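Residue strings, one per chain:
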Amino acid sequence: MRQKISSLWHTLFGDPGRAFGVVSLMLLVLLASVPAKNHFSEWRHYQNQYQRLVRGRAEAVTLEKHMPQGIQQIWIPEQGVVDRCTTCHVALKETSLRDIQEQPFRTHPPIPHNLSEFGCVTCHRGQGPATTVEEAHHTTLAWEQPILSARYVESGCGQCHLNHLTGTPKLNEGRHLLAREGCVRCHMLTMADGVVMQGADDPPSLVHIADKTTREWMFAWIKDPQRYSSTATMPNFGLSDDDVRDITAFLVAQSAPLQPNAPKSTATPGTATDLQAGTSLYGESFCASCHATQNAAGNKVGGDLGPELTKIGTKAKPEWLQAWLRNPGDYDPDTKMPHYRFDDKQVATLTAFLMAKKDDDLLANVHLPNATPEQVKHGRALVFEYGCASCHGINGIKKPENFAPDLSREGSKPFAQIAFPADVPHTLPDFIVAKVRKPRAFGPSLKMPQFTLTEQQIDAITTALMAQTDRAQTQPVNMRVAGYHESKYQPAGKAGQLMNDLRCFSCHAINGHGGDMAPDLTWEGTSVQRKWLADFLKNPETLRPTLIRRMPKFNLSDTEINILTDYIMTVYQTPAFDRDEIPAAALTPAMAEQGRELFYGKYACQSCHIVDSKADKGYIGPALWSVGTRLNAAWVYHWLKDPQSLRAGSLEPDQHMTDVDARALTAFLMSQKLSQKSSGKQVAKK
Amino acid sequence: MKPWITCVIVATALVISCTHKSKGPAQPTATAHGTAIVESSGGKQVAGVGSPLDQPVVVQVNDKDNNPVPGAPVRFSGPAETVFTPAEGVTDSSGQFSTNIYLGGSSGRYRLTASTWDSSGKRIDVQLEEVALGYQQMLGHELNEEYCARCHDSESTALRVSNHDNLGANARPFTEGDPFNKLSDADLTDLIAHGGVALGRSAEMPPWGYTLTNSDIAALVSYIRAVSDPPYRTKGVVYVQK
């Protein structure tokens, strides 16, 4: 063999002339391999394939003119993006090719962004500079960022859009859940604009817990919160019976009595008549707007702003419930529950009604002997270990800092830092899904508890977390669409105190502060007439007949009503126009008649509103049979002209009404002066 | 043994094993067999691309007398990227098999197949169809929920009471393809932007052109086209490829 090689060597290179020839030939072959490699490259293959694809089409000439030649590149220096995706994805902007579904020739769905300003990897991830399919889409040793699957593609939008975006429901839901399920109470999550996400789950303070409930109930609750209420937010920590026993022992031991010198309640427990009266009072007070109960069919009926009350009688002590109904703020200054100003009899009636909502099975097998000091000590250690104070206020225990990993850049977490369990695919979204779905699959000793989430919810949370990337945190400020930040608006003076006591902001927003369950009151003073407002506060009557959620009656005194009415009428005024600019005399009966025709004809307002309760049926907007006694003419006029300028996001369509039409309709609507009482009767008759 | 004989033996073995595999995957282990498979629920659902359908898809296996057959084999299949959890199994005590479905990354209609096998091993299929919405259609879907569904959907939800039955005119649900498919994109856009009067229809349909943007309306049109049944056909309905 060696001889053969030696003879071949000699034949080729023995003679200098021949050696020169051989070396030249080899060089030529090597040089030729470069254009060959280029000619047979993947991207050229796709460009050729595309050319064949468009050749037979009617618009072939235009398409061929648009077709790129060679490697394409989008460069966005301020974002550090080099993007060659359009080399193969040649038809992204060709709307005439919408019928082509196969990649890489699929057309991009219309989005409000210019491709050449954003590139592809900004939203879809992957490696922009790569020119082969494998390197561009998948993880390699050098690159850790595979392309995002369609399942989580909304997370790309979430890097810049920090607020609610209509086109990304999954991302919106995910962010909502991170706050609603209390994830951000243990995990720090700083948005790209530096705002730290706050929990919205409202876990109760445990400072006076022994006043509120028994150790037995606490045991059953901590052991399995969803057994008490399937909609409970509190997760299952999977604790042993002994651990739960010790935690309850500690919680009772730390509990401080609320107002130790307060007189004991004089109200007697309810009777059967109370029970019936309680049903009515519960209904009249619209408790179901915020609290759900389970009906006979097992369905939850009612809102979710407050806890479910199906088994409240098993949980609450009657004395506590009475004190709570009298004034919830005494027990928990941060509660969203309003101070109803119930009298003693009403408190007793409601207490009796609620205490009858029991589940005797829940505590049937819970027997706890008196706690020993060791158990209390162990309970305290467990409360520290599981970070209970991250969510609940507990005497003598501070909210732990940096208790769980920071999630601000979770979407860029390097694979090298993840220990995947055996059956989880090695991708970042799969890791997050697996972690949220079953945290302890990553190690039985992990502290993260088991949440009760649907697959859709897990998907949404994963999408929201995938949006928390390095790119989001470091990109230029002008790329960010800032998030919605609730204002710190606080009404002043006596009216302000009253509004806080009534927890108006739990449902209404004013000047950017407050809930969205009820109408925004920022311009309420311009909108309504003083007398109507005072009557309404005395006895709120719904304007929308079909709504389940309604304004409760707060049993306000005349003085309180005066304070509130004066304040609203004086302070909550729009600067856009004068509320008295259209005097009653300016609206003639002839105009009103013309308005009636417009109402029922040209604008068909009756399809959404009711003026004549016998003939009209529209359910979407408020009933209008008492507009003349409720609203100001100027408000009605400007509302008809441009509703969204007075209340952003209103469903009332802007009809671009002429001044004449708007005035005529205003005249017609202002002539509707049915008093509240008679309108109530009309509804009852219906 | 001569090398070529070894080669022939190896090649024959390869051919036999390949032929065996090409018969397709074996049916799931079953204890009974039916003669028909029907859709019970879960067809015609709408979800974003790559997202799970809200409801599981349920099929039922029946015998020749239309009685449900427990323990019969069922397998789901569909275009690439569609994920079934689980993809196969046997029917439960009421003869039904239920699966949760994640649609793939392309917008359009997904034709899914649920199969069972009769006692002779013959495959019986039922076709189902689901709709995956792309970005623009999803935007339209959200706008529909906010603005249109109150009148165009006769079902009320906890947060949205339907106004459908209170109207003089019949506001058709967007899934009813026939009336909407007759309208061109331009007409549909006009109808939304300028209201019913613009096309000689009821004034109960208000003009939305001053409240919604042009791209909002385009998104709504795109959504209406996506969910229409029968499908809206311009250049042929786009089915996701296998």
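This write-up is about the structure you can find in this document. Only a predicted model underlies this, so the values are computations on that prediction, with no experimental measurement involved.

1. Quick look at the overall build of chain B
Logical step 1: Each helix and strand in chain B was counted, giving five helices and nine strands.
Logical step 2: Element order for chain B, N to C, with α for helix and β for strand: α-β-β-β-β-β-β-β-β-β-α-α-α-α.
Logical step 3: By residue count, 47% of the 242 residues in chain B fall in the buried class.
Logical step 4: In chain B, the share of contacts with a sequence separation of at least 24, taken over all contacts with a separation of at least 6, comes to 59%.
Logical step 5: Summing over all exposed atoms, chain B offers an accessible surface of approximately 12,300 Å²; the carbon and sulfur share of this is 54%.

2. Topic: the sheet that holds strand β7 (residues 96-102) of chain B
Residue and element names in this part refer to chain B.
Logical step 1: With respect to topology, four strands assemble into an open sheet ordered β1-β3-β7-β5, the strand pairing being antiparallel. Unpaired on one side and paired on the other, β1 (36-41) and β5 (83-85) mark the two borders of the sheet. For this sheet, the mean angle separating the axes of adjacent strands, direction not counted, is 35 degrees.
Logical step 2: Across four bridges, strand β3 (residues 57-62) lies against β7 in antiparallel orientation. Each residue of the ladder has a partner; that of Q60, found in β7, is Q96.

3. As for unusual backbone geometry
The bulk of non-glycine residues show a negative phi, and the bulk of peptide bonds are trans.
Logical step 1: A cis geometry characterises the amide bond from Q103 of chain A onward to P104 of chain A, with omega recorded as 5 degrees.
Logical step 2: For P104 of chain A, the position within the fold is in the loop between β2 (81-83) and α5 (115-118).
Logical step 3: In this structure, the amide linkage connecting D229 of chain B to the following residue, P230 of chain B, adopts the cis form with an omega of 5 degrees.
Logical step 4: Among the structural elements, P230 of chain B can be located in the segment after α5 (214-227).
Logical step 5: A positive phi angle, near 55 degrees, is found at R503 of chain A, a position not held by glycine.
Logical step 6: Position of R503 of chain A among the secondary structure elements: in the loop between α24 (493-501) and β5 (509-510).
Logical step 7: Of note, N511 of chain A is a non-glycine position whose phi angle comes to about 50 degrees, a positive value.
Logical step 8: Looking at the element boundaries, N511 of chain A is found in the loop between β5 and β6 (513-514).

Rules used in this analysis
Residues numbered from 1 in each chain as written. Chains lettered and ligands numbered in written order. Predicted model: local features only at pLDDT ≥ 70, side-chain atom pairs only at ≥ 80, totals over all residues. Heavy atoms only, no water. Helix = DSSP H or I, 4+ residues; strand = E, 2+ residues; numbered from the N terminus. Buried < 20%, exposed > 50% of the residue type's maximum accessible area, 1.4 Å probe, protein only. Contact = heavy atoms within 4.5 Å. Areas by Shrake-Rupley, 256 points an atom, 1.4 Å probe, with all protein chains shown as cover. Pairing = 2+ DSSP bridges. Axes fitted to C-alpha atoms, helices over the stretch in contact; angles between N-to-C directions.

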